[in-house]
Each structure stands twice: as C-alpha cells, then as structure tokens.
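Each chain is listed here by its residues.
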Amino acid sequence: MPGIPKEMSQPVETKAGSATMKLWALKTVAAEYSAGYMTLGKDIESLQSSKKTLDALRDRIVAKEKGKIVDDQEISAEGHPGRAVVIEVSDGIFRDRYYLVGERFYFASVFMSKYKAASEADTEGIRKSQEEVANRFLNSFRLTGK
C-alpha cells in the first residue's frame, strides 16, 4: 500500500459459518486500498467447486455494492484458485482480487472514484492511469505461508 494501513478485525457471518475477518485499509486522495483474509474453519478451496464459490463471492459483493461487472477473469496465486473482478458502481470502480486457499479467503481491493475531465481523451488517460496504479497494488499480492 502507498502508506501505512489501518488494521481491523471483525466477525462475519457466512454460509460456511462464523468467521473473523482481518483487514488492512488505507484511504488516500486518489484511492481506497484494502487487503485481508477470513479464516472459515472449513476447507473452502475444496468444499465445492472453486468456480462456484468464487462466483457466489463475486455476486454477493456486486449485489452489496449495487454494481455492474465490467470484467471478470479466473486467476490463481501459487496454484490456488482466484478471481479478478472489475465492478462499476455509480461513483467509481472497484478492482478486486479474491483467492481461496484452504480454510482462508484472501482479498485485495482498490476503489477509485470516477473522474470526468474536460475531454474524452483526458478522461480516458485518467482511467488508464488509475488502472495502472490499481494493478501495481493488486499485482503485489503474495501468499507468504505465515
């Protein structure tokens, strides 16, 4: 993250049961960054089809944010299944990555507000710059084995 994030912990109710979410978040002038994980006590990576689990997680987030999926790709981290999703909402864009690793669900997310510049070319340039900044953060995600 481009600064020191705030660490938080909170209980979460999921279909797989109760969990605790650990979250690190940072809000800057340009973006809101977050990363964290939930430990569910069940091997969610092999509980059911990973695609089905990731689809359900994605759909839950899209519904919560009242957004529209702009891009959705299957990805992986060290052989563990994941998803890269871009969600457009009324005031901006979420770029999210989710991973299933045994009993843990990992996530990294960047939210950036929409900007309307004086020209279409300027607006497109801003959008591309935002995407580059977001991807630099999202591509830095690594499983450390801790």
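This one's a predicted model, so the numbers in the text were calculated from it and none came from an experiment.

Analysis parameters
Residues numbered from 1 in each chain as written. Predicted model: local features only at pLDDT ≥ 70, side-chain atom pairs only at ≥ 80, totals over all residues. Heavy atoms only, no water. Core = buried A, V, L, I, M, F, W, Y, C linked by side-chain atoms within 4.5 Å. Buried < 20%, exposed > 50% of the residue type's maximum accessible area, 1.4 Å probe, protein only. Helix = DSSP H or I, 4+ residues; strand = E, 2+ residues; numbered from the N terminus. Salt bridge = Lys/Arg side-chain N within 4 Å of Asp/Glu carboxyl O. Contact = heavy atoms within 4.5 Å.

Q: With reference to specific residues and values, describe the nonpolar core.
A: One recurring pattern in soluble globular proteins: nonpolar side chains tend to sit buried together. Ranked by size, the top nonpolar core spans 19 residues in total, and within it Met 38, Ile 87, Tyr 98, Leu 100, Phe 105 and Phe 107 carry the most contacts. Broken down by secondary-structure element, the contributors of at least two residues to this core are β2 (17–27), α2 (50–65), β5 (80–89), β6 (92–101) and β7 (104–113).

Q: How would you explain the pattern of salt bridges if you had to name every residue and give the values?
A: Inspection of the entire model under this criterion finds ten salt bridges. A salt bridge links Arg 58 to Asp 72, with the shortest nitrogen-to-oxygen separation between them at 2.5 Å. In this pair, Arg 58 sits in helix α2 while Asp 72 sits in strand β4 (residues 68–77), placing the two residues 14 residues apart along the sequence. With a relative accessible area of 11%, Arg 58 lands in the buried category. Residue Asp 72 is classed as partly exposed on the basis of its relative accessible area of 30%. As a salt-bridge pair, Glu 88 and Lys 68 come within 3.7 Å of each other at their nearest N and O atoms. Taken together, the residues span a long stretch of sequence, with Glu 88 in strand β5 and Lys 68 in strand β4 at a distance of 20 residues.

Q: Go over the side chain of Ser 34 with me, naming the residues and quoting the values.
A: With respect to the helices, strands and loops of the structure, Ser 34 is situated in strand β3 (residues 32–39). Ser 34 sits in the buried class, given a relative accessible area of 16%. Apart from the residues lying within four places of it in its own chain, the contact partners of Ser 34 are Met 1, Leu 23, Trp 24, Ala 25, Phe 107, Ala 108, Ser 109 and Phe 137.

Q: How would you explain unusual backbone geometry if you had to name every residue and give the values?
A: With phi around 55 degrees, Lys 66 is a residue other than glycine that occupies positive phi space. Turning to its location among the elements, Lys 66 is positioned in the loop between α2 and β4. Positioned with a positive phi, Glu 78 is a non-glycine residue whose angle comes to about 50 degrees. Tracing the backbone through its elements, the reader meets Glu 78 in the loop between β4 and β5.

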